[in-house]
Amino acid sequence: DERNIVDAAASSGADFEDQLAQIWEKNKKFIIYCVAGIFVVFGIYHFSKFIVAQAEVSLKEDYASADDSTSKLAFAEKESSNPLGGFAYSELAGEAYESGDFQEAADYYAKAAKSAKGAIRDAALMGQAMSLLQSGDSGQAQDILKDIASSEDAGNATEARYRLAELAVADEDYEVARDLITEIQSNFSQETFYWIQKAMSLQSKLPPVESTAAES
């Protein structure tokens with residue numbers, strides 16, 4: 001009997017609608033609050049992203065307006081926990097290094113390394129080491145260079161090894177220099193090619209191994 005089937009389907013649909021209506025009447029406040037809560041969370045998320053973006057724009061504008069050493073130092077000190085503050089310290093350090101104030105350059109580079117991240121931090125540490133070498137503090141410079149050289153993530157680890165090899169040659173510690181040069185040559189890449197060439201040039205200036213052994 002097709003009429004019974006249609007009537008049953010219609011009755012089933014009506015029952016389902018009644019159930020939905022009952023659920024809505026019992027839980028409409030909860031449902032409204034949930035939907036409202038979702039919209040609130042969604043709004044807060046996008047508003048926070050907007051605030052962060054605006055803060056970044058404001059920070060970059062402040063940095064761009066720091067066009068002299070005094071204002072740049074004020075910005076770096078204010079934003080010392082921000083990578084852009086670390087970049088400002090690096091610029092101040094570069095200026096001090098160029099003017100021959102190597103101790104001040106080392107201090108600025110140290111502050112830059114604490115604030116910056118990634119390649120800027122690596123460069124700041126190298127700058128600190130080179131500034132210390134220029135100021136006569138080779139011991140602390142060597143410690144920094146060794147830390148860089150032992151870091152797998154440092155992009156300038158090969159340069160650090162070369163600088164250490166130079167210092168070893170200056171101290172006539174040729175065995176250490178040879179070990180460092182061998183390590184440099186064993187890590188060939190496009191990024192390290194320049195320092196490998198430098199290491200080969202340094203190696204050519206070393207005394208023969210036989211004469212070194214005879215002297216010892």
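Before any of the text, the structure's been laid out above.
Every value quoted in this text rests on a predicted model; they were computed, and no experiment measured them.

**Here we look at the overall build of the chain**
- Within the chain one finds 10 helices and 0 strands.
- Order of helices (α) and strands (β) in the chain, N terminus to C terminus: α-α-α-α-α-α-α-α-α-α.
- For the chain, with 216 residues in total, the buried portion stands at 29%.

**A word on the packing of aromatic side chains**
- Counting across every chain of the model gives 5 aromatic pairs.
- A centroid spacing of 5.5 Å and a plane angle of 40° characterise the contact between Tyr-162 and Trp-195, whose relative ring orientation is tilted. Placement of Tyr-162 in helix α7 (residues 157-170) and of Trp-195 in helix α9 (residues 193-204) is noted, with a sequence separation of 33 residues between them.
- Judged by its relative accessible area of 5%, Tyr-162 falls in the buried class.
- Chaining the aromatic ring pairs together yields one cluster made of Tyr-162, Tyr-194 and Trp-195.

**Overview of helix α3 (residues 83-98)**
- In a regular helix each residue adds 1.5 Å, so 16 residues correspond to 22 Å; α3 covers 23 Å between its end C-alpha atoms and thus fits that length.
- Listed in full, the buried residues belonging to α3 are Gly-85, Gly-86, Ala-88, Tyr-89, Ser-90, Leu-92, Ala-93 and Ala-96.
- Among the residues trailing α3, Gly-100 stands out with phi positive, at a value near 90°.

**Some points on the environment of Glu-104**
- Along the polypeptide, Glu-104 turns up in helix α4 (residues 102-115).
- For Glu-104, a relative accessible area of 34% puts it in the partly exposed group.

**Some thoughts on unusual backbone geometry**
- You will see that Glu-172, though not glycine, has its phi angle at about 60°, which is positive.
- With respect to the helices, strands and loops of the structure, Glu-172 is situated in the loop between α7 and α8 (174-185).

**Focus: the nonpolar core**
- Judged by nonpolar contacts, the single largest core of 40 residues is most densely connected at Leu-145 and Ile-148.
- Of all the elements in the fold, those that place two or more residues in this core are α2 (69-78), α3, α4, α5 (118-135), α6 (138-149), α7, α8 and α9.
- In contact with Ile-148, not counting residues within four places along its chain, are Leu-125, Met-126, Ala-154, Asn-156, Ala-157 and Ala-160.

**Concerning a negative patch on the surface**
- On the surface, Asp-171, Glu-172, Asp-173, Glu-175 and Asp-179 cluster together to form a negatively charged patch.
- Relative to the elements of secondary structure, Asp-173 occurs in the loop between α7 and α8.

**Some details on the packing of α3 against α4**
- One way to put it is that α3 packs onto α4 with a least axis distance of 8 Å and a crossing angle of 165°. In terms of their interaxial angle, α3 and α4 are classed as roughly antiparallel. Here α3 runs over α4; the crossing is left-handed. Here Pro-83, Gly-85, Gly-86, Tyr-89, Ser-90, Leu-92, Ala-93, Gly-94, Ala-96 and Tyr-97 of α3 come into contact with α4, specifically with Phe-102, Glu-104, Ala-105, Tyr-108, Tyr-109, Lys-111, Ala-112 and Ser-115.

Reading the values: the criteria
- Residues numbered from 1 in each chain as written.
- Predicted model: local features only at pLDDT ≥ 70, side-chain atom pairs only at ≥ 80, totals over all residues.
- Heavy atoms only, no water.
- Helix = DSSP H or I, 4+ residues; strand = E, 2+ residues; numbered from the N terminus.
- Buried < 20%, exposed > 50% of the residue type's maximum accessible area, 1.4 Å probe, protein only.
- Phe/Tyr/Trp six-rings, centres within 6.5 Å; stacked < 30°, edge-to-face > 60°.
- Expected span 1.5 Å × (residues − 1).
- Core = buried A, V, L, I, M, F, W, Y, C linked by side-chain atoms within 4.5 Å.
- Contact = heavy atoms within 4.5 Å.
- Patch = residues over 30% accessible without salt bridge, like charges linked within 9 Å, V, L, I, M, F, W, Y side chains within 5 Å.
- Areas by Shrake-Rupley, 256 points an atom, 1.4 Å probe, with all protein chains shown as cover.
- Salt bridge = Lys/Arg side-chain N within 4 Å of Asp/Glu carboxyl O.
- Lys, Arg positive; Asp, Glu negative; His and termini not counted.
- Charge placed at Lys NZ, Arg CZ, Asp CG, Glu CD.
- Axes fitted to C-alpha atoms, helices over the stretch in contact; angles between N-to-C directions.
- Parallel < 35°, antiparallel > 145°, perpendicular 65-115°, else oblique.
- Left-handed = near helix turned anticlockwise from the far one by under 90°.

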